[in-house]
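Here is how the chains run, residue by residue.
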Amino acid sequence: MKETPIRSLPGIPMLLALFAGILMGAYLLITGAQAHDGVFVVLGALLALVTAYSLIGLYMVEPNQSAVVSLFGKYVGTVHENGLRWNNPFFAKKKISQRVRNFESGKLKVNELGGSPIEIAAVIVWQVVDSAEAVYNVDDYESFVHIQSESALRTMATSYPYDQHEDGQIALRSHAAEVSQHLRDELAERLADAGVRVIDARISHLAYAPEIAGAMLQRQQADAIIAARTRIVSGAVGMVEMALDELQKNGVVQLDEERKAAMVSNLLVVLCSDRATQPIVNAGTLY
């Protein structure tokens with residue numbers, strides 16, 4: 001089912017013409033009754049009834065709205081012309097809004113790629129682009145969009161971990177653009193048959209489930225401490241290398257391998273001692 005545009009007649013001229021037809025029919029009916037002319041009476045009554053019934057063919061189409069027209073259950077076409085319009089009074093008309101709409105999904109509890117339960121929600125921006133598909137391909141296109149959006153969000157959330165554990169790995173918390181694009185692709189595939197275009201889809205809420213939030217916070221703190229200590233050790237090694245290079249360059253002292261190893265050990269102990277590293281570790285813990 002694809003949309004087929006059809007034309008309609010302007011409503012105001014048709015309204016004036018129909019009112020004129022009703023008045024003419026009333027005039028013929030009254031004239032025929034006064035002259036006892038049955039022909040005029042019949043013609044006047046028919047003209048008045050036909051033109052009065054034709055008023056049903058008038059309908060309003062607002063900006064960014066379309067009217068899906070059918071005849072006895074058969075799709076005829078879609079009218080996009082705005083204002084007061086007129087078509088065959090036997091046509092059934094269903095108006096469809098083509099304005100941009102958005103909604104926020106409810107908070108869903110799903111398991112991310114690593115199996116940890118998380119809470120996630122998203123804001124979906126969408127628009128009807130094919131009125132015929134929206135009316136005839138699905139029963140209720142608005143409900144269809146909401147349900148399929150939640151299904152796509154669940155599928156997307158299970159494809160990524162919450163946090164990045166490896167270099168180059170896409171994670172829900174750290175790669176918003178890539179995750180949003182994946183969600184848009186999922187929605188576009190699911191909503192294509194409903195004549196709906198997904199304009200944007202972004203995560204609006206992301207958190208660990210309450211039952212594991214405390215444990216995950218402790219793990220994040222431990223990761224921060226490990227990262228801080230790793231940086232400290234790396235910096236200390238660099239400082240030791242720099243010190244040895246400067247000593248040899250300036251000829252301050254000549255060190256054999258044994259004395260060099262002892263000096264390296266002493267410098268590392270001083271640089272990596274708990275007292276020296278505690279402020280940095282505390283900063284990592286707070287982070």
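Before reading further, recall that the structure is shown in the block above.
The structure displayed is predicted, hence computed values, not measured ones.

Colleague: Help me get a handle on the pairing of strand β4 (residues 74-79), residues and values and all.
Modeller: Two faces, one strand: in a regular strand the side chains alternate between the faces of the sheet. In the sheet, strand β3 (residues 65-71) pairs with β4 via five bridges, with the strands oriented antiparallel. For Leu-71, the partnering residue across the bridge sits in β4 and is Lys-74. Here β3 folds back onto β4, and the loop between the two strands holds two residues, one of which, Phe-72, carries a positive phi near 55°.

Colleague: Mind laying out the sheet that holds β4, listing which residues take part and the relevant values?
Modeller: Judged by pairing direction, the sheet is antiparallel, and its three strands sit side by side in the order β4-β3-β6 without closing on themselves. Each edge of the sheet is formed by a strand with only one pairing partner; in this case those strands are β4 and β6 (92-97). Sheet twist, expressed as the mean angle between neighbouring strand axes with direction ignored, is 25°.

Colleague: Before we move on, could you go through the nonpolar core and cite the residues and values that matter?
Modeller: Counting residues in hydrophobic clusters, the biggest one holds 34 residues, and the most contacted among them are Met-156, Leu-183 and Leu-187. Among the elements of the structure, β8 (108-111), β9 (117-128), α3 (131-136), α4 (141-157), α5 (176-191) and β10 (196-208) are those that each provide at least two residues to this core. Once you skip the residues sitting within four places of it in the chain, Met-156 turns out to touch Ile-120, Leu-172, Val-179, His-182, Leu-183 and Ile-203. Counting six residues, the second-largest nonpolar core is a separate cluster that includes Val-61, Ala-67, Val-69 and Val-79.

Colleague: Explain the pattern of salt bridges to me, and be specific about the residues and the numbers.
Modeller: Going through the model one piece at a time under the given rule, you end up with nine salt bridges. For Arg-190, the salt bridge goes to Glu-186, with nearest N and O atoms at 3.4 Å. Taken together, the positions of Arg-190 and Glu-186, both in helix α5 and four residues apart, correspond to about one turn of that helix. Of the residues examined, Arg-190 reaches a relative accessible area of 23% and is grouped as partly exposed. The exposure class of Glu-186 is buried, given its relative accessible area of 16%.

Colleague: Before we move on, could you go through the pairing of strand β7 (residues 101-104) and cite the residues and values that matter?
Modeller: Only one face of β7 is buried: it carries Arg-101 and Phe-103, and the other face, with Asn-102 and Glu-104, is open. Inspection of the sheet shows β7 paired to β9 by four bridges, in the antiparallel sense. Counterpart to Glu-104 in the pairing with β9 is Val-123.

Colleague: Break down the sheet that holds strand β2 (residues 58-61) for me, citing the residues and quoting the values.
Modeller: Pairing is antiparallel in the open sheet, where three strands are placed in the order β1-β5-β2. A strand with exactly one partner marks an edge of an open sheet, and here the two such strands are β1 (9-10) and β2. When β2 meets strand β5 (residues 83-86), the two strands line up antiparallel, connected through four bridges. In the sheet register, Val-61 faces β5, and the bridge partner there is Gly-83.

Colleague: Before we move on, can you summarise the packing of helix α1 (residues 11-35) against helix α2 (residues 38-54) with the specific residues and values?
Modeller: At a closest axis distance of 7 Å, the pairing of α1 and α2 adopts a crossing angle of 160°. As judged from the angle between their axes, α1 and α2 are roughly antiparallel. With respect to the hand of their crossing, α1 and α2 are arranged in left-handed fashion. Residues Leu-18, Gly-21, Ile-22, Met-24, Gly-25, Ala-26, Leu-28, Leu-29, Thr-31, Gly-32 and Ala-33 of α1 pack against Phe-40, Val-41, Gly-44, Ala-45, Leu-47, Ala-48, Thr-51, Ala-52 and Ser-54 of α2. Among the residues making up the contact of α1 with α2, the classes are represented as 13 nonpolar, seven polar and no charged.

What counts, and where the lines are drawn
- Residues numbered from 1 in each chain as written.
- Predicted model: local features only at pLDDT ≥ 70, side-chain atom pairs only at ≥ 80, totals over all residues.
- Heavy atoms only, no water.
- Pairing = 2+ DSSP bridges.
- Helix = DSSP H or I, 4+ residues; strand = E, 2+ residues; numbered from the N terminus.
- Axes fitted to C-alpha atoms, helices over the stretch in contact; angles between N-to-C directions.
- Core = buried A, V, L, I, M, F, W, Y, C linked by side-chain atoms within 4.5 Å.
- Buried < 20%, exposed > 50% of the residue type's maximum accessible area, 1.4 Å probe, protein only.
- Contact = heavy atoms within 4.5 Å.
- Salt bridge = Lys/Arg side-chain N within 4 Å of Asp/Glu carboxyl O.
- Parallel < 35°, antiparallel > 145°, perpendicular 65-115°, else oblique.
- Left-handed = near helix turned anticlockwise from the far one by under 90°.
- Nonpolar A, V, L, I, M, F, W, Y, C, P; charged D, E, K, R; others polar.

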